[in-house]
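Chain by chain, the residues run as shown.
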Amino acid sequence: MATIPNCPQCDSSYAYEDRGLFICPECGNEWQAASETEENAGGLVVKDSNGNLLQDGDSVTVIKDLKVKGASGAIKQGTKVKNIRLVEGDHNIDCKVDGFGPMKLKSEFVKKL
Ligand SMILES: [Zn+2]
């Protein structure tokens, strides 16, 4: 039998399940029984150049010089990037690079620290 979580609204432990919804008898809150919250960033799977899974908040190093549109120089190989955020798309890492500002990188050009 599945365990019923406490109500996210009032933390009551008397919640029950009804047709895929959890219902709290104490505050009347209803919420989805789906386990979406277990998946990171809405199920995004982003891997670095070595195939390691990346997560929001990870720090990575750039593994090759990357040209930046509109900037005078390239992001050098070995540049550390802290606190990345995973996003959907071709450039799947949203981050801030020292000296360059906010930008998007491709996960295949970074390595998890
Ligand atoms: Zn409740």
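In what follows, the structure referred to is the one given above.
Calculation notes
Residues numbered from 1 in each chain as written. Predicted model: local features only at pLDDT ≥ 70, side-chain atom pairs only at ≥ 80, totals over all residues. Heavy atoms only, no water. Helix = DSSP H or I, 4+ residues; strand = E, 2+ residues; numbered from the N terminus. Buried < 20%, exposed > 50% of the residue type's maximum accessible area, 1.4 Å probe, protein only. Contact = heavy atoms within 4.5 Å. Areas by Shrake-Rupley, 256 points an atom, 1.4 Å probe, with all protein chains shown as cover. Core = buried A, V, L, I, M, F, W, Y, C linked by side-chain atoms within 4.5 Å. 1 Å grid on protein atoms, 1.4 Å probe; cavity = no way out; pocket = protein on both sides within 12 Å on 5 of 7 lines; lining within 4 Å. Points joined across faces, edges and corners; volume = space filled by probe spheres on them. Nonpolar A, V, L, I, M, F, W, Y, C, P; charged D, E, K, R; others polar.

A. Here's a closer look at the overall build of the protein. Looking only at helices and strands, the protein features zero helices and eleven strands. Helices (α) and strands (β) of the protein occur, in sequence order from the N terminus, as β-β-β-β-β-β-β-β-β-β-β. With 113 residues in all, the protein has 27% of them scored as buried. For the protein, long-range pairs separated by at least 24 residues make up 38% of all intrachain contacts whose partners lie at least 6 apart in sequence. Entry remark: accessible area of the protein is about 7900 Å², with carbon and sulfur atoms responsible for 45%.

B. Representation of the nonpolar core in the model. Counting 16 residues, the largest nonpolar core has L54, I75, V81, I84, I93, C95 and L105 as the members making the most contacts within it. Going through the elements one at a time, β4 (60–62), β9 (93–97) and β10 (101–105) are the ones with two or more residues in this core. Looking at which element gives the most residues to this core, the answer is β9, with three residues. Non-local contacts of I93, meaning those with residues more than four positions away in its chain, are made with V46, L54, I84, R85, L86, V87, M103, K104, L105, S107 and V110. The next biggest cluster of nonpolar side chains, apart from the first, holds five residues, and it includes C7, A15, F22 and C24.

C. Representation of the environment of D90 within the structure. Checked against the element boundaries, D90 lands in the loop between β8 (85–86) and β9. Here D90 falls in the exposed class, since its relative accessible area comes to 53%. Along the backbone, D90 and S107 are 17 residues apart, and their C-alpha atoms lie at a distance of 8.9 Å.

D. Structural context of the layout of surface pockets. Empty space within the largest pocket amounts to approximately 210 Å³. D65, L66, K67, V68, K69, I75, H91, M103, K104, L105, K106 and F109 together form the lining of the largest pocket. Mapped by element, the contributors of at least two residues to the lining of the largest pocket are β5 (66–67) and β10. It is β10 that provides the largest number of residues to the lining of the largest pocket, a total of three residues. Among the residues forming the lining of the largest pocket, the class breakdown is six nonpolar, one polar and five charged.

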